Amino acid sequence: MASTETTTATGPSAPGGDGPERPVPGGGDRAADGLAGLEAGLDALETPAAQRTPAGRVLRTKVLPPVAAVLLVLAAWQLAAWADLKPDYMLPGPLDVWNALAEEWYRGTVLGTVWNSVSRGALGFAASLAIGTPLGLLVARVGFVRAAIGPVLSGLQSLPSVAWVPAAIIWFGLTDATIYAVVLLGAVPSIANGLVGGVDRVPPLYLRAGRTLGATGLRGVRHVLLPAALPGYLSGLKQGWAFSWRSLMAAELIAVSPDLGTGLGQLLENARVLQDMSLVLGAISLILVVGIGIELLVFAPLERRVLRGRGLLARG
């Protein structure tokens, strides 16, 4: 069936184009097609192109730089050992450290030691998350609470975690409670302050729009406030994990007991007592590797997902 839609055109009979209107057959179809094409073009501009990054580029930009940095550090370390800047028992070479770790591996103790520390760190971080999140929301949204304990949280965040270890030992003895108390005191302020910073950066327009749509109270927190504050909150989580890991190592270094089992901190302290510098450096290397691994496997993918969801990171 032929289209009956028409548009009007201005006739040339009057000056300035004012004249009798005449229908233009099919003009409505052409206008609709033009609008559809314009919308499609705008959608194409807003939609990021999904392109697969070539493997060679990934290797060149993501893999080679950290590998080259590690090799440079190992080379400088080996040169320092060869130059006899310190005696061998004080500055062993990379191969000596590798052999010390290999000996611990053959004894079957490495995996258990790493697991003890990682499980403690994960449990302490989860508890810190459960405490720090509502505390951060309370500080961010209640002015009196913010004025009362906001500076205290900032002060606790700047306090070295190792300062809590003697007090925790007196309070709880040489038990797991001591270690978890130090982890909580180190991580909770960082998580709470990160969430406060994220909430402070939420545009007020988002909150007003949420209230208009009925998102008030806990629903507003869940559906508007927390999603909008997520980038800052995620930064607080990353910093909270860093503080958790450092606090855990400080507690394991000082609170040493057979009843606690052997974590990476205890391994480091035992190596110091035995004056085994190769094992000392090996324990430090394991602590570093675990910290980097958690960052790369957990927090880096989570951060990329959040940033991509907000259009702040291009898909590659």
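Let me sum up the structure you'll find in this document.

Reading the values: the criteria
- Residues numbered from 1 in each chain as written.
- Predicted model: local features only at pLDDT ≥ 70, side-chain atom pairs only at ≥ 80, totals over all residues.
- Heavy atoms only, no water.
- Patch = residues over 30% accessible without salt bridge, like charges linked within 9 Å, V, L, I, M, F, W, Y side chains within 5 Å.
- Areas by Shrake-Rupley, 256 points an atom, 1.4 Å probe, with all protein chains shown as cover.
- Salt bridge = Lys/Arg side-chain N within 4 Å of Asp/Glu carboxyl O.
- Lys, Arg positive; Asp, Glu negative; His and termini not counted.
- Charge placed at Lys NZ, Arg CZ, Asp CG, Glu CD.
- Helix = DSSP H or I, 4+ residues; strand = E, 2+ residues; numbered from the N terminus.
- Buried < 20%, exposed > 50% of the residue type's maximum accessible area, 1.4 Å probe, protein only.
- Core = buried A, V, L, I, M, F, W, Y, C linked by side-chain atoms within 4.5 Å.
- Contact = heavy atoms within 4.5 Å.

Here's the deal with a positive patch on the surface
- On the surface, Arg57, Lys62, Arg304 and Arg308 cluster together to form a positively charged patch.
- Those elements giving two or more residues to the positive patch turn out to be α2 (55-82) and α12 (277-309).
- Here Arg304 is to be found in helix α12.

Side note on the pattern of salt bridges
- Under the counting rule described, the total for this entry stands at six salt bridges.
- Residue Glu252 is joined to Arg120 by a salt bridge in which the shortest nitrogen-to-oxygen separation is 2.9 Å. One end of the pair, Glu252, is in helix α10 (residues 230-254); the other, Arg120, is in helix α4 (residues 110-141), with 132 residues separating them in the sequence. Taken individually, Glu252 and Arg120 each receive the classification buried, so the pair is uniform in this respect.
- In this structure, Lys238 and Glu295 form a salt bridge, with 3.7 Å as the shortest nitrogen-oxygen distance. With Lys238 in helix α10 and Glu295 in helix α12, this residue pair connects regions lying 57 residues apart in the sequence.
- We classify Glu295 as partly exposed; its relative accessible area is 28%.

Some remarks on the nonpolar core
- Counting residues in hydrophobic clusters, the biggest one holds 45 residues, and the most contacted among them are Val199, Leu237, Trp245 and Leu264.
- Looking at this core, the elements with two or more residues in it are α4, α5 (143-158), α6 (164-172), α7 (176-200), α10, α11 (264-273) and α12.
- Ignoring anything within four residues of it in the chain, the contact list for Leu237 reads Phe125, Leu129, Ile191 and Phe299.

A look at the side chain of Ser247
- You can see Ser247 is positioned in helix α10.
- Residue classification places Ser247 among the buried residues on the basis of a relative accessible area of 0%.
- When neighbours within four sequence positions are excluded, Ser247 is seen to be in contact with Ser161, Val182, Val183 and Gly186.

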